[in-house]
Amino acid sequence: MDVAAYTYMCDWAEPHVAGPACMEATDNRVSLVLIPDENCTEFGTGESGGSSTGGGGGSAGYGTEEDPVITTIMYEDGTIVENPYSLENTNIVVNQNLIDNYPCVAKIVQEAYSVSSPLTGLVSDAFATNDGSNLNFTYSSTITPNGTTTEVSRYNARAKTCDIKITFNETYISKATELSIARTTLHESLHATLVFMFEEGVLQNDTGTPILGFESLVNEYILYLSAKPSNLGKAHHELMSDFVLDIASSLSSFGRSKGYDLPFSYYKAMSWGGLENTLSFKTLYPKYLDPLDAINNPDNINIDYLKIVNINAAEKDNITLTYTHPDGTTYTNTSQGNVLNANLPCN
C-alpha cells in the first residue's frame, strides 16, 4: 500500500499527511493529521445514542491539543501510585480529564479490559506497549452518541505516536449503569481495533486486495481517505455485527467479576446496542414480523426486537420501561446495572 497515495484533501494549500513517525513506519500504516477547518467535514463511527425508539449517529471531534495522559495519581491520604487506569503492557490509557472528573468511569474502562476474553485479548494485543499506536479514552459534552471513535489515527507530534481516541458522551456517562458503560467501552474498542488493523495493512493481502470478509470496510476506507462520499460508519457496524457473541462474552465476564447473576442472553441483548441498524440485526430481529404492521398496526412490535432495544435504553438511562402489547401483555425492562458514584471511592 502506498501511504503517500492516501491524503486528506480539504481547504488547505496542499494535502496534509501524517508526521514522520507514521510515514517512516515499515508496516504500511496509513495515518493522517486532521487539522480542524470550518470547511472540512468530520465523520463519526460512534454508536447511536440509543433510546426506546432508537437513536441517531454523530461525529467525532478533533482538537488542536491532546488531553494529557496521567502517569501517577494522588489519593486523599497522600498516597501516590502509578496510573491505575492504564493497562499493564499496553498503550491503552485513560486521559487526565476523564480521571479527574469521572474517576469511576475510568475504573470501569480498566475493569472491562481486565477480564480475560478473546475480544479484550485482541484489543490489548493491537495496542501493545511500544508499537507506536495509542488508544486514548476521554469524554466530551459536545457529541451526540454514547461514544465515538476516530476513524483514523492522528499523529501526536509530542509523543511521536499514532493515536486513536475514544470519546464518551458526558451526559451518557453521568447516568448510565456500569454495565452500559462497559458495553460501550467494548463496542468502541472494537471500532478502534478495526481502525488499527486497517492502518497496519492486515486487512489486505500483499497485492492490496481486501481479505475475505473485510472487502466492504476496506473499500469504504479508501473512499473516505480519498475525501469521497463513503459509508464508513455503516461498514464498521455491519462487520461488528459478526462479533456480537464476542462482545457478549466479554461483557458477561465483566458482569460476573462485578457480582451480577444475569443470563448470557441479557449480555447478548446489550451487545446489539449501537448495531440496531445493521442488516444482521434487522434480519434476526425485524421490528415487525409482518411488514404491513408498520402501517396497519404500528403497536404490534416484535417482542424480541422490543426486548433488545428497551434493555439497552434502560441501562443507558438507568430507568424502567414498560410497554403494553396489543395482545394485552405488558413487558417491563428495568436496568440491572449499578449507577457509578460521581467521585471516589467507587462503588
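Residues numbered from 1 in each chain as written. Predicted model: local features only at pLDDT ≥ 70, side-chain atom pairs only at ≥ 80, totals over all residues. Heavy atoms only, no water.

1. Regarding the nonpolar core
And step 1. Ranked by internal contacts, the top residues of the largest apolar core, which has 73 residues, are Leu 98, Phe 127, Leu 135, Phe 137, Ile 173 and Leu 217.
And step 2. The element that contributes the greatest number of residues to this core is helix α6 (residues 178–200), accounting for eleven residues.
And step 3. Residues within four places of Leu 98 in sequence aside, it is in contact with Pro 103, Val 105, Phe 137, Thr 138, Tyr 139, Phe 168 and Ile 173. (Core = buried A, V, L, I, M, F, W, Y, C linked by side-chain atoms within 4.5 Å. Buried < 20%, exposed > 50% of the residue type's maximum accessible area, 1.4 Å probe, protein only. Helix = DSSP H or I, 4+ residues; strand = E, 2+ residues; numbered from the N terminus. Contact = heavy atoms within 4.5 Å.)

2. Overview of the packing of aromatic side chains
And step 1. The tally for this structure, following the rule as stated, stands at nine aromatic pairs.
And step 2. An aromatic cluster of at least three residues, connected via ring pairs, comprises Trp 272, Phe 281, Tyr 285 and Tyr 305. (Phe/Tyr/Trp six-rings, centres within 6.5 Å; stacked < 30°, edge-to-face > 60°.)

3. Examining the state of the cysteines
Simply put, disulfide is the name for a covalent bond between the sulfur atoms of two cysteines.
And step 1. The full count for this structure, using the stated rule, is one disulfide.
And step 2. Paired by a disulfide, Cys 104 and Cys 346 hold their sulfur atoms 2.2 Å apart. Residues Cys 104 and Cys 346 are joined through a disulfide that is left-handed, its torsion about the S-S bond being -100 degrees. You can see Cys 104 sitting in helix α3 (residues 103–114) and its partner Cys 346 sitting in the segment after β9 (330–334), a full 242 residues away along the chain.
And step 3. Look at Cys 346 and you get partly exposed, because its relative accessible area is 23%. (Disulfide = S-S within 2.5 Å.)

4. Regarding unusual backbone geometry
And step 1. Here the residue pair Leu 344 and Pro 345 is connected by a cis peptide bond, since its omega of 0 degrees sits within 30 degrees of zero.
And step 2. The backbone of Ala 227 shows a phi angle near 60 degrees, a positive value even though the residue is not glycine.
And step 3. By the element assignment, Ala 227 lies in the loop between α7 (215–225) and α8 (232–240).
And step 4. Judged by relative accessible area, Ala 227 falls into the partly exposed class, the value being 44%.
And step 5. In this structure, Asn 318 takes a positive phi of about 55 degrees despite not being glycine.

5. Digging into the pairing of strand β8 (residues 320–324)
And step 1. Taking every second residue as pointing to the same face, the buried face of β8 carries Leu 321 and Tyr 323, while none of Thr 320, Thr 322 and Thr 324 on the other face is buried.
And step 2. Where β8 meets β9, five bridges bridge the pair, whose relative direction is antiparallel. Within the sheet, the bridge partner assigned to Leu 321 lies in β9 and is Asn 333.
And step 3. Count of turn residues in the β8/β9 antiparallel hairpin: five residues, of which Gly 328 carries a positive phi of about 95 degrees. (Pairing = 2+ DSSP bridges.)

6. Looking at the pattern of salt bridges
And step 1. Evaluation of the coordinates by the stated rule reveals six salt bridges.
And step 2. We note a salt bridge from Lys 258 to Glu 111, for which the minimum N-O separation is 3.0 Å. Of this pair, Lys 258 sits in the loop between α9 (244–257) and α10 (264–271) while Glu 111 sits in helix α3, and the two are 147 residues apart along the sequence.
And step 3. One continuous salt-bridge network, built from bridges that share partners, spans Lys 107, Glu 111, Glu 178 and Lys 258. (Salt bridge = Lys/Arg side-chain N within 4 Å of Asp/Glu carboxyl O.)

7. A closer look at the confidence of the model for the protein
And step 1. Averaged over every residue, the pLDDT of the protein is 79; residues scoring 70 or more account for 73%.
And step 2. In this model, residues 1–45 is a region of pLDDT below 50 whose contacts with residues beyond four sequence positions or in other chains number 96 contacts.
And step 3. In the predicted structure, residues 50–86 sits below a pLDDT of 50 and forms 93 contacts with residues beyond four places in sequence or in another chain. (pLDDT = per-residue confidence, 0-100.)

8. Comments concerning the side chain of Glu 220
And step 1. As for its position among the elements, Glu 220 is in helix α7.
And step 2. Buried and unpaired, Glu 220 has Lys 234 as its nearest opposite-charge partner, separated by 9.3 Å.
And step 3. In this view, Glu 220 contacts Ser 230, Asn 231, Leu 232 and Ala 235; residues no more than four positions away in its chain are not counted. (Lys, Arg positive; Asp, Glu negative; His and termini not counted.)

9. Digging into the environment of Asp 246
And step 1. Tracing the chain through its elements places Asp 246 in helix α9.
And step 2. Judged by its relative accessible area of 29%, Asp 246 falls in the partly exposed class.
And step 3. With 129 residues separating them in the primary sequence, Asp 246 and Ser 117 have C-alpha atoms 8.0 Å apart.
And step 4. Ignoring anything within four residues of it in the chain, the contact list for Asp 246 reads Pro 118 and Leu 119.

10. Section: α9
And step 1. Helix length check: α9 (14 residues) gives 20 Å between terminal C-alpha atoms against 20 Å at 1.5 Å per residue, within 8%.
And step 2. Of the positions making up α9, those classed as buried are Val 244, Ile 247, Ala 248, Ser 250, Leu 251, Ser 252, Ser 253, Phe 254 and Gly 255.
And step 3. The inward-facing, buried residues of α9 abut α3, α4 (118–126), α6, α8 and α10.
And step 4. Of the residues trailing α9, Gly 259 is marked for its positive phi of about 90 degrees. (Expected span 1.5 Å × (residues − 1).)

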